[in-house]
Amino acid sequence: MRGLIIHADDLLRAGTPSARHSEVTPRFSLLLTLIVVFGAGYGAAMGSYGGDAGFGGARPLQMFYSALKVPLLLLATFGLSLPSYFVINSLLGLREDLGVAVRALLATQACLTVVLCALAPLTLTWYASYQAYEEATLFNALTFAVASVSGQVLLRRLYRPLIARDVRHRALLRLWLIIYAFVGIQMGWLLRPFIGIPGAPTRFLREDTWSNAYVFIANRIWEVLTR
Amino acid sequence: MPAWLWQLDRLLRGESTRLELLRRGSVDISLGGITVMGILLGSIAGICMGVFSLTGSGSQAPVQILASALKVPALFFLTLVVTFPSLYVFNALIGSRLGLISVLKLLIAAIGIMLTVLASLGPIVAFFALTTTSYAFMKLLNVAVFTVAGLLGAGFLLRTLQRLTLAIEETEARESAAPSPALTSTASSESPSSESPPSAPQPPAPPARARALVPMPAPGASVRSIFRIWVVVFALVGAQMAWILRPFIGDPEQPFQWFRPVTSNFFEAVWLAFYNLF
């Protein structure tokens, strides 16, 4: 575990003057391990919500499911978005840099999970302080937003040499972010619940999981507009 | 098959459209190879679209998936069949130096790119198809995916066309500038003061010579305009062809049909899908 934390530290410092290694991004297997371990760590914390009963109401099964689902959310979204990224990368004539670019994208996921894990104590403190389910959901949305922005910091750093080499990498990066967010939102919707409504039976997926996040949002907006 | 895959990969990476290869006068691909790969990738994209029918009653889903796998490649190649003759005729009419095979190779390459992009977005389409019950959303998502594939394919086509025209014009300018052996020897034989030995009987003059003697305006800009118009026509015909060949996704509320009666039109259907989203 200590070795993994050192690797996580190396990852966060990648591309900065404080980096210990000249190699900018770690190897694929290490990045995957970081995503699984740190993602599972935050997932377990996320699933420990116990409602009014505090941590006494935490359900180990929900913690286990959420620990599985956070890495699954990131890796499945990554896997689904990769084929189109690969093709568009080739079309733009940037295939030579594909390996470096994919490692940078995967490193961003790893960075996101490391930041999430670092925010886990704050989430637990929030659960201990406020029991309302909606607030717990909003707080988790906030932690994911902070982790995503932090991931962007590393991504921009790792992508800087690529953009310096060919400016088309910038457009490709933007495209990747659009595709990734588009798929990721639906994947997150599909894999609910991550927190678990107190009193509801603990399940891996919700009974009504086969629906569409975008249609739901569009309907809510329409309801507000026509109220 | 690996050879065709390799060809497609070279096409994607832009290796088949390098300037030195384009100087030969066409895109360096095998028509058959890219066509077969296009059909295969189009079928994969079709399967991903047809997966939505699994969310309905499911009994007709395999037939719908099969139908979509056949219809997506058919959509592209039928649209090509409809639009290619007029493109080629106008291309020849304005004096383009692109021959029939060159134009066909260029279009097949662009369609190969479109189908590859479409297949690469297939996992995302299949993912949404499996996790969504909204038919209207799936229609709009597929319209968006086809638009992205179309734009990338059209971008490739116009870029390659520009390079190809440039390469051909460059080659011809070089041929005109450097006196050909035929021209040199003709000039020598016509000059009585020449000290060179009598030349052998002359071969027939090559076409390059004729062009060198009668300067013609370069038709590059007109060719690009024709191809730009063709891209728009291809998109419009493609949209209507898709409407004729529908259903691709399969309305879960309706029984399976290979083809539906042609009523309304594509653009009205897209607007209705957007309206039904709410």
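Below: a short report on this structure. Just so you know, these numbers come straight off a predicted model, no measurement behind them.

### Re the overall build of chain A
When its secondary structure is counted, chain A shows seven helices and zero strands. Taken from the N to the C terminus, the helices and strands of chain A come in the order α-α-α-α-α-α-α. Expressed as lengths along the three principal axes of its C-alpha atoms, the size of chain A is roughly 55 × 50 × 25 Å. Here chain A holds 227 residues, and the buried ones make up 48% of them. Taking all contacts inside chain A whose residues are at least 6 apart in sequence as the whole, residues at least 24 apart take part in 76%.

### Concerning the interface of chain B and chain A
The partner chain A presents 26 residues to the 23 residues of chain B that form the contact. Between chain B and chain A the total buried area reaches about 2200 Å² when both faces are included, carbon and sulfur atoms providing 74% of it. Inspection of the chain B/chain A interface yields two salt bridges. With its nearest N and O atoms 2.9 Å apart, the salt bridge here joins Arg13(B) to Glu96(A). Between chain B and chain A we count seven residue pairs in polar contact (both at pLDDT 80 or more) in total. Residue assignment for the side of chain B that touches chain A shows that the elements contributing at least two residues are α1 (2-13), α5 (100-120), α6 (122-131) and α7 (135-177) of chain B. Top contributing element to the side of chain B that touches chain A by residue count: α6(B), with six residues.

### A few points about empty space enclosed by the protein
All names here are of chain B. This model, assessed by the stated rule, comprises two cavities of 30 Å³ or more. Here the second largest cavity is characterised by a volume of approximately 40 Å³. What lines the second largest cavity is Ala 45, Cys 48, Met 49, Leu 118, Gly 122, Val 125, Asn 142, Val 145 and Phe 146. Mapped onto the lining of the second largest cavity, the elements with two or more residues apiece are α3 (31-50), α6 and α7. Residues belonging to the lining of the second largest cavity are distributed by class as follows: seven nonpolar, two polar and no charged.

### Looking at the side chain of Thr116(B)
Along the chain, the position of Thr116(B) falls in helix α5. According to the relative accessible area criterion, Thr116(B) is buried, its value standing at 6%. Separated by 2.6 Å, the side chain of Thr116(B) and the backbone oxygen of Gly112(B) make a polar contact. Here Thr116(B) is in contact with Val87(A), Leu8(B), Leu12(B) and Leu41(B), once residues within four sequence places are set aside.

### A short note on the packing of α3(B) against α5(B)
Two measures define how a pair of helices packs: the angle their axes make with one another and the distance between the axes. All names here are of chain B. It is the contact of α3 with α5, at a shortest axis distance of 8 Å, that shows an interaxial angle of 25 degrees. One finds that α3 runs roughly parallel with respect to α5. Regarding α3 and α5, the two cross each other, and that crossing is left-handed. Contacts from Leu 31, Ile 34, Thr 35, Gly 38, Leu 41, Gly 42, Ile 44 and Ala 45 of α3 reach α5 at Leu 104, Lys 105, Ile 108, Ala 109, Gly 112, Leu 115, Thr 116, Leu 118 and Ala 119. Grouping the amino acids of the contact of α3 with α5 by side-chain chemistry returns eleven nonpolar, five polar and one charged.

### Description of the packing of aromatic side chains
Counted according to the given criterion, the structure contains 24 aromatic pairs over all chains. Their ring planes at 80 degrees and their centres at 5.9 Å tell us that Tyr42(A) and Phe144(A) sit as a pair that is edge-to-face. Highlighted residues: Tyr42(A) in helix α2 (residues 28-46) and Phe144(A) in helix α5 (residues 133-165), separated in sequence by 102 residues. Taking relative accessible area as the criterion, Tyr42(A) reaches 0% and is therefore assigned buried. With a relative accessible area of 18%, Phe144(A) lands in the buried category. Ring centres of Phe127(B) and Phe128(B) lie 5.4 Å apart, and the angle between their planes is 75 degrees; this geometry places the pair in the edge-to-face category. Each member of the pair, Phe127(B) as well as Phe128(B), is classed as buried.

### Observations concerning unusual backbone geometry
Each neighbour pair has its own omega, and for Arg192(A) with Pro193(A) the value is 0 degrees, a cis peptide bond. Along the chain, the position of Pro193(A) falls in the loop between α6 (168-190) and α7 (213-226). Residue Pro247(B) is bonded to the preceding Arg246(B) through a cis peptide linkage, with omega at 10 degrees. Following the sequence through the fold, Pro247(B) ends up in the loop between α10 (220-245) and α11 (266-276).

### Observations concerning the environment of Arg160(A)
Within the secondary structure, Arg160(A) sits in helix α5. Take Arg160(A): its relative accessible area is 55%, and that puts it in the exposed class.

Thresholds applied
Residues numbered from 1 in each chain as written. Chains lettered and ligands numbered in written order. Predicted model: local features only at pLDDT ≥ 70, side-chain atom pairs only at ≥ 80, totals over all residues. Heavy atoms only, no water. Helix = DSSP H or I, 4+ residues; strand = E, 2+ residues; numbered from the N terminus. Buried < 20%, exposed > 50% of the residue type's maximum accessible area, 1.4 Å probe, protein only. Contact = heavy atoms within 4.5 Å. Buried area = accessible area lost by both parts, 1.4 Å probe. Salt bridge = Lys/Arg side-chain N within 4 Å of Asp/Glu carboxyl O. Polar contact = N/O pair within 3.5 Å; in protein donor to acceptor, adjacent residues only side chain to side chain. 1 Å grid on protein atoms, 1.4 Å probe; cavity = no way out; pocket = protein on both sides within 12 Å on 5 of 7 lines; lining within 4 Å. Points joined across faces, edges and corners; volume = space filled by probe spheres on them. Nonpolar A, V, L, I, M, F, W, Y, C, P; charged D, E, K, R; others polar. Axes fitted to C-alpha atoms, helices over the stretch in contact; angles between N-to-C directions. Parallel < 35°, antiparallel > 145°, perpendicular 65-115°, else oblique. Left-handed = near helix turned anticlockwise from the far one by under 90°. Phe/Tyr/Trp six-rings, centres within 6.5 Å; stacked < 30°, edge-to-face > 60°.

Purely spatial values, then, with no claim about function.
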